[in-house]
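Fold and contact review
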Amino acid sequence: MAAGLSVAPVPLSAPAVPILSASGDFSNLREIKKQLLLIAGLTRERGLLHSSKWSAELAFSLPALPLAELQPPPPITEEDAQDMDAYTLAKAYFDVKEYDRAAHFLHGCNSKKAYFLYMYSRYLSGEKKKDDETVDSLGPLEKGQVKNEALRELRVELSKKHQARELDGFGLYLYGVVLRKLDLVKEAIDVFVEATHVLPLHWGAWLELCNLITDKEMLKFLSLPDTWMKEFFLAHIYTELQLIEEALQKYQNLIDVGFSKSSYIVSQIAVAYHNIRDIDKALSIFNELRKQDPYRIENMDTFSNLLYVRSMKSELSYLAHNLCEIDKYRVETCCVIGNYYSLRSQHEKAALYFQRALKLNPRYLGAWTLMGHEYMEMKNTSAAIQAYRHAIEVNKRDYRAWYGLGQTYEILKMPFYCLYYYRRAHQLRPNDSRMLVALGECYEKLNQLVEAKKCYWRAYAVGDVEKMALVKLAKLHEQLTESEQAAQCYIKYIQDIYSCGEIVEHLEESTAFRYLAQYYFKCKLWDEASTCAQKCCAFNDTREEGKALLRQILQLRNQGETPSTEMPAPFFFPASLSANNTPTRRVSPLNLSSVTP
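Residues numbered from 1 in each chain as written. Predicted model: local features only at pLDDT ≥ 70, side-chain atom pairs only at ≥ 80, totals over all residues. Heavy atoms only, no water.

1. Focus: the overall build of the protein chain
Selection criterion: Secondary structure elements are taken from DSSP: a helix is a run of H or I of four residues or more, a strand is a run of E of two residues or more, and numbering for both begins at the N terminus. Only protein chains enter the accessibility calculation, which uses a 1.4 Å probe; a residue is then buried when its area is under 20% of its type maximum, exposed when over 50%, and partly exposed in between. Two residues qualify as a contact provided that any one of their heavy atoms is within 4.5 Å of a heavy atom in the partner residue.
Counting its regular elements, the protein chain contains 31 helices and zero strands. In the protein chain, which comprises 597 residues, the proportion classed as buried is 52%. Across the protein chain, contacts joining residues at least 24 apart in sequence account for 60% of those joining residues at least 6 apart.

In structure tokens form, the structure reads like this:
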């Protein structure tokens, strides 16, 4: 695969647009602004509206240019002049989504701009028909069979032009899109790389390339142009690949060189913090972004996910109503409303809005994953599996969909299946303790206890967000009658929950105190056993056991039974479970005299 990715660009016979290169640094922001304004116009003329919007937003974040430095529009070629009437009419039809009509009037045009619009109109016509059929289809099986019938013809025609070196940067981009839609991923990557060399300022080509890169190794073998646009691409792909530290560093560099007012960069930083579950930081940035750009809808579904996690009902309700007023038929708006109903436990309504989002855009990743979650809540496992599989088809890097599939098969009591899906989720999020704990539980069910221990210990070492890894590890040691290791885990668990001051479930806390009370009792450490037994009395499920143990200790003391003068053997984690960054050490008995649960 790697050998095929490193492709040198094929030179064009003649330039199609006035920009074919962009310098590799940010030393001249005025020149960068000129390039952004120019590419915004060129993409708008060709109907590439998202790329045009991205370029215009980025240009807006830079200081205004004086009149003397504003560039005139690109010169019109002889071919452009000949096709001007047809192009003007067709562009008007294109803008109102009459794609077949636009293509009809562009047939036979020779200019690069008109030819691109002709081919792009045919492509979008096929996509629109496919989406219409998808909406009308009855079930998931039929949905998978709906195809864009125009793709094969477009591929043949664009392939001939490509071989003859007659495609400009926009033509190469469209050729790459067609190849991707036909699942010819390797060929598509090669063509997109070529497009970034020929027209490095077109964000759409970079974004398409980003969607096809599945890991850092693939990224290393790409022969990318040395341009300032590459920095935006790398920041974006690092975010997608969950390389958040690298992504944040890239975005900070972009802010430092002069893009501090870019709402795109601010939103990407918020998404990056969302991905590493730094919820407070992400919420703070999103709130600032809303003040800066109150009518922005992009990424607001991610913002709603954060509000959902924090159970901020009133804020989520306000966001849903606000986006509804701006544009109720945007996929992000539907997802925000779906999250709102999900938070209110109205899962049928939530699923309905996620379905509405998918009718607007069947390839919208977030809606598929969220719909899978809702079906899980409604105990409809077959529909949940279908939704998660669609999410993976859209983006194989979506760890939430892999994790969701693992949970679904866990409910179905199919541990080998859920082990596979949890492994995939863990590969995408190697430092996410939730994936590691889920893997450990899977290994435990499959009686692979050594692997389970490794997973639980690793989950603790990377920062256990749910504070469950040590308890599960302790219970595993307890099951294997490894009493010292179990006590070590319970001691560390108790120390952790009291040091961070978090409110935890009393069930696990009481479990830890009960085990430690019994453990110290067996070791004849009456003071420590008595202290833990007293703590047991604070919980309903261990109160009677705690009282019974206290009576036994009192009885033994009255009989003159002397406590042990020596501590039991030092507690150490097995060497196979130790992490390099977490040294093992002997843990002394707990001093709980000043601690109140």
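Next, the rest of the story.
2. With respect to the packing of helix α17 (residues 300–309) against helix α18 (residues 313–327)
Between two packed helices, what matters for the description is the angle formed by their axes and the separation of those axes. Stated precisely, the cut-off is as follows: In this description, a line fitted to the C-alpha atoms serves as the axis of each element, helices being fitted only across the stretch in contact, and the angle between N-to-C directions of two axes falls anywhere from 0 to 180 degrees. Relative orientations are named as follows: roughly parallel for angles under 35 degrees, roughly antiparallel for angles over 145 degrees, roughly perpendicular for angles from 65 to 115 degrees, and oblique for any other angle. Note: crossing handedness is left-handed where the near helix turns anticlockwise from the far helix by less than a right angle, and right-handed where it turns clockwise. Just so you know the grouping, Ala, Val, Leu, Ile, Met, Phe, Trp, Tyr, Cys and Pro go in nonpolar, Asp, Glu, Lys and Arg go in charged, and all remaining residues, Gly too, go in polar.
Remark: α17 packs on α18, axes separated minimally by 9 Å, with the N-to-C direction vectors making an angle of 160 degrees. Compared by their axis directions, α17 and α18 come out roughly antiparallel. Here the hand of the crossing between α17 and α18 comes out left-handed. The residues of α18 that touch α17, namely those facing M300, F303, S304, L307 and Y308, are E315, L316, L319 and L323. Partitioning the contact of α17 with α18 into residue classes produces seven nonpolar, one polar and one charged.

3. As for the confidence of the model for the protein chain
Applied cut-off: Predictor confidence is given residue by residue as pLDDT, running from a minimum of 0 to a maximum of 100.
Per-residue confidence for the protein chain averages 84 on the pLDDT scale, and 86% of its residues sit at or above 70. Below a pLDDT of 50 lies the segment residues 1–20, which in the model reaches 50 contacts outside its immediate sequence neighbourhood of four places, other chains included. Predicted confidence is poor over residues 567–597, with pLDDT under 50, and the contacts of this stretch with residues over four places away or in other chains come to 71 contacts.

4. Things to note about the environment of L199
Tracing the backbone through its elements, the reader meets L199 in the loop between α10 (185–198) and α11 (203–212). Residue L199 is classed as buried on the basis of its relative accessible area of 1%. Residues L199 and I39 lie 160 residues apart in sequence; the distance between their C-alpha atoms is 9.5 Å.

5. Topic: the packing of aromatic side chains
As a reminder of what qualifies: Each Phe, Tyr or Trp ring, with Trp reduced to its six-membered ring, pairs with another whose centre is within 6.5 Å; inter-plane angles below 30 degrees give stacked pairs, above 60 give edge-to-face pairs, and intermediate values give tilted ones. Only when the NZ of Lys or the CZ of Arg is both within 6 Å of the ring centre and within 35 degrees of the ring normal is a charge said to sit over the ring.
Scanning the model with the defined rule gives 30 aromatic pairs in all. An angle of 90 degrees between the planes, with centres 5.3 Å apart, marks the rings of F232 and F259 as edge-to-face. Here F232, found in helix α13 (residues 229–240), pairs with F259, found in helix α14 (residues 244–259); they are 27 residues apart in sequence, far enough to count as distant. Per residue, the accessibility class of F232 equals that of F259, and both read buried. Ring geometry for Y403 versus Y422: centroids 5.5 Å apart, planes at 45 degrees, classification tilted. With Y403 in helix α23 (residues 399–411) and Y422 in helix α24 (residues 415–428), this residue pair connects regions lying 19 residues apart in the sequence. The exposure classification of Y403 matches that of Y422, with both residues buried. Through successive ring pairs, a cluster of aromatic residues spans W54, W203, W228, F232, F259 and Y264. We note R424 situated over the ring of W402; from NZ or CZ to the ring centre the distance is 4.3 Å.

6. Section: helix α26 (residues 449–461)
Our working definition: By this rule, a helix spans an expected 1.5 Å times one less than how many residues it contains.
In this model α26 runs 18 Å from its N-terminal to its C-terminal C-alpha over 13 residues, within 8% of the 18 Å that 1.5 Å per residue would give. When α26 is considered as a whole, its buried residues turn out to be L449, A452, K453, C455, Y456, W457, A459, Y460 and A461. One or two steps after α26, the chain reaches G463, where phi turns positive at roughly 105 degrees.

7. Concerning the packing of α18 against helix α19 (residues 331–343)
Viewed as axis vectors pointing N to C, α18 and α19 meet at an angle of 150 degrees, and their least axial separation amounts to 9 Å. Judged on the interaxial angle alone, α19 and α18 are roughly antiparallel. As α18 runs across α19, the sense of the crossing is left-handed. Contacts between α18 and α19 involve K313, L316, S317, L319, A320, L323, C324 and D327 from the first element and T333, V336, I337, N339, Y340 and L343 from the second. The residue inventory of the contact of α18 with α19, partitioned by class, reads nine nonpolar, three polar and two charged.

8. Quick word on the UniProt feature "repeat: TPR" (unreviewed entry) in the protein chain
Here is the rule we go by: UniProt positions are given in the numbering used here, feature names are shortened, and annotations may be inferred rather than shown by experiment.
The UniProt entry lists residues 331–364 and 365–398 under the feature "repeat: TPR" (unreviewed entry), expressed in the numbering used here. Taken as a whole, residues 365–398 contains 79% helix and 0% strand, while its terminal C-alpha atoms sit 8 Å from one another.

9. Considering α11
With eight of 10 residues buried, α11 lies mostly within the body of the structure. Listing the buried residues of α11 in full gives W203, G204, A205, W206, E208, L209, C210 and L212. Structurally, α11 contributes buried residues whose contacts are with α3 (49–60), α9 (169–181), α10, α12 (216–220), α13 and α15 (263–275).

10. Structural notes on the state of the cysteines
For the record, the criterion: Count a disulfide wherever a pair of cysteine sulfur atoms falls within 2.5 Å.
Here the structure, examined in full by the defined rule, presents zero disulfides. With no disulfide of its own, C536 lies 6.9 Å from the sulfur of C537, the closest cysteine sulfur. The class of C536 is buried, set by a relative accessible area of 2%.

11. Concerning the nonpolar core
One recurring pattern in soluble globular proteins: nonpolar side chains tend to sit buried together. Heads up, the rule is: As used in this record, nonpolar core signifies buried Ala, Val, Leu, Ile, Met, Phe, Trp, Tyr and Cys residues forming a set joined through side-chain atoms within 4.5 Å. In this entry, domain limits derive from an automatic or database-based domain assignment.
Counting 189 residues, the largest nonpolar core has Y123, L209, W228, F232, F233 and I237 as the members making the most contacts within it. The dominant element in this core, judged by the number of residues it contributes, is helix α6 (residues 112–136), at nine residues. Among the domains, domain 1 (402–506) and domain 2 (520–561) are the pair contributing at least three residues each to this core. If sequence neighbours within four positions are ignored, L209 has contacts with I189, F192, V193, L222, L224 and F233.

12. Examining unusual backbone geometry
Its identity as a non-glycine residue notwithstanding, T481 has a phi of 55 degrees, on the positive side. Here T481 is to be found in the loop between α27 (469–479) and α28 (483–500). With a phi angle near 60 degrees, K524 is a residue other than glycine that sits in the positive phi range. Relative to the elements of secondary structure, K524 occurs in the loop between α29 (506–522) and α30 (526–536). Owing to a relative accessible area of 38%, K524 belongs among the partly exposed residues under this scheme.

13. Examining the pattern of salt bridges
Our working rule: Salt bridges are counted wherever a side-chain nitrogen of Lys or Arg sits within 4 Å of a carboxyl oxygen of Asp or Glu.
Under the defined criterion, the tally for this structure stands at 31 salt bridges. Here E45 ties to K113 by a salt bridge, and the two come within 3.6 Å at their closest N and O atoms. One end of the pair, E45, is in helix α2 (residues 29–45); the other, K113, is in helix α6, and 68 residues separate them in sequence. Of the residues examined, K113 reaches a relative accessible area of 16% and is grouped as buried. Note that D190 is salt-bridged to K186, the shortest N-O span being 3.7 Å. With D190 and K186 both in helix α10 and four residues apart, this pair spans about one turn of that helix. Residue class for D190 comes out buried when judged on its relative accessible area of 15%. What makes K186 partly exposed here is its relative accessible area of 37%. Taken together, the shared-partner salt bridges in this structure form one network comprising R30, K34 and E69.

14. Topic: a nonpolar patch on the surface
Our working rule: Patches here are clusters of residues that have more than 30% relative accessible area and form no salt bridge, with a 9 Å joining cutoff for like charges and a 5 Å cutoff for nonpolar side chains (Val, Leu, Ile, Met, Phe, Trp, Tyr). Per-residue accessibility takes into account occlusion by the displayed protein chains alone, with areas from the Shrake-Rupley method and a 1.4 Å probe.
Among the surface-exposed residues, L412, M414, F416 and Y417 lie close enough to one another that they form a single nonpolar patch of about 400 Å² accessible area. Tracing the chain through its elements places M414 in the loop between α23 and α24.

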